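Residues per chain are reported as follows:
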Amino acid sequence: MKAILTRGATASVLLYLYAGMLAPAVPRQARASASVTSPGRATQAPAGACDPSTDYGDANGIALDARGDIYTAVGAPSAAGGGAVGIEIRKWSATGRLLATWMTAGMRRDAGYHPAGVAVDAHGAIYVSDANAGHIVKLSATGRVLATWGAPGTAAGQFDRPAGIAVDRHGDVYVADKGNGRVQVLDATGRPRAAWRLPSPGPGQTSLPSGIAVDGRGRVYVADEAIRILVLSPHGAILRAWGSKGGRPDQFRHPVGIALDPGGRLDIADKLNARVQQFSASGAPLTRWTTGTNASGQFAAQGAGPAQPAFPTGVAVDAHGTVYVVAGWCASRVQAFTPAGRAITSWPVTVM
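Residues numbered from 1 in each chain as written. Predicted model: local features only at pLDDT ≥ 70, side-chain atom pairs only at ≥ 80, totals over all residues. Heavy atoms only, no water.

## Things to note about the overall build of the protein
When helices and strands are counted, the protein shows 0 helices and 30 strands. In the protein, which comprises 352 residues, the share counted as buried stands at 57%. Partitioning the contacts of the protein with sequence separation of at least 6, the portion at a separation of at least 24 is 48%. Looking at the protein as shown, the accessible area adds up to about 14,300 Å², and 53% of this sits on carbon and sulfur atoms. (Helix = DSSP H or I, 4+ residues; strand = E, 2+ residues; numbered from the N terminus. Buried < 20%, exposed > 50% of the residue type's maximum accessible area, 1.4 Å probe, protein only. Contact = heavy atoms within 4.5 Å. Areas by Shrake-Rupley, 256 points an atom, 1.4 Å probe, with all protein chains shown as cover.)

## A short note on the pairing of strand 28 (residues 323-328)
Burial of strand 28 is extensive: 6 of the 6 residues sit out of reach of the surface. Burial along strand 28 is two-sided: Val323, Val325 and Ala327 and Tyr324, Val326 and Gly328, pointing in opposite directions, are all buried. Pairing geometry for strand 27 (residues 311-317) and strand 28, over 6 bridges, is antiparallel. Among the inter-strand pairings, Gly314 is bridged to a residue of strand 28, identified as Val326. Relative to strand 29 (residues 332-337), strand 28 is paired through 6 bridges, and the arrangement is antiparallel. Within the sheet, the bridge partner assigned to Val326 lies in strand 29 and is Val334. (Pairing = 2+ DSSP bridges.)

## Overview of unusual backbone geometry
Phi at Arg161 is positive, roughly 55 degrees, even though this residue is not glycine. Mapped onto the elements, Arg161 comes out in the loop between strand 12 (145-149) and strand 13 (162-167).

## Side note on the nonpolar core
Judged by nonpolar contacts, the single largest core of 15 residues is most densely connected at Tyr174, Trp196, Ile212, Val220, Val222, Leu230 and Leu232. When residues of this core are traced back to their parent elements, those giving at least two are strand 15 (182-186), strand 16 (192-197), strand 17 (209-214), strand 18 (220-224), strand 19 (228-232) and strand 20 (238-242). Leaving out residues up to four positions away in the same chain, Val220 has contacts with Tyr174, Trp196, Ile212, Ala213, Val214, Leu230, Val231 and Leu232. (Core = buried A, V, L, I, M, F, W, Y, C linked by side-chain atoms within 4.5 Å.)

## With respect to the sheet that holds strand 24 (residues 266-270)
Ordered by their spatial adjacency, 4 strands build an open sheet running 23-24-25-26, and the pairing between neighbours is antiparallel. Each end of this open sheet is capped by a strand with a single partner; those strands are strand 23 (255-260) and strand 26 (285-290). Taking each pair of neighbouring strands and ignoring which way they run, the sheet shows an average axis angle of 20 degrees. As defined by bridge partners, strand 23 adjoins strand 24 across 5 bridges and the pair is classed as antiparallel. The residue of strand 24 that forms the bridge with Gly257 is Ala269. (Axes fitted to C-alpha atoms, helices over the stretch in contact; angles between N-to-C directions.)

This is the structure in structure tokens:
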């Protein structure tokens, strides 16, 4: 297996398959079911409803289903304050009408419940990664909790701060296992199939995969918070890599989300640069736009001023090329843009 590296990337990928090497992790049954609230329209959270000192009040992933409906997830705070007690998955129309809210009760008492990634497969099943609890929650298309996969750790099927999730056309699930510096591949039942250890971006540095996407040919695209984008073959070999730290085109400050549009272009949520960047499939910069600053004419995050823009944490693209971004600074918003970055609409994720 030969890895092809660009722009000075010199490390190789270690691919290791779990079959016959480690006992597969068997998905444990969920001990709680999801509840559904009535559809409605999102409203702006009142002052004091969101504590910016916590991380569970912000949405950190976004996904689309085959019909173009949108899914977000946030940690659900307890009534008495403190850490999140579960995850709320919200389903929206493309215009921001709330279609359903599903609450998953907490699986572990000591977990903070910080959803970091959302994906929907071809059958409508929903997958949510929980960075704090170290597991993946699978729900049916109607929001019923089916199972949870994994636990904190480094073994097969275990995770350390799992982030982005993607599902390929065969139903295999790809997880950006951020804290372990690898991509894990699971089948539709949660059994580990493979893991790809990502190369170090430099001396003394660790890869931090955050966003992930898969194309129709099985190639895997990774937004690495170590300030780069990686393209992997269906077997985990590096095909391309680009990026460095900064604010110029093709530079990043915490790339955390990645999506493919119908034309094969890549849209990257460049979080701390408060922008979305678009690239060709080969990594050539195409366009970029800010997400949230009033001065640019885009949507502002709740309570944000010029020095506090809306930081994008997830991105998804529909069949027409419309780009949906979840961004904010407590509380989060969904923002819709044309493929060229023109603002279309926006609505708050927080529902009262």
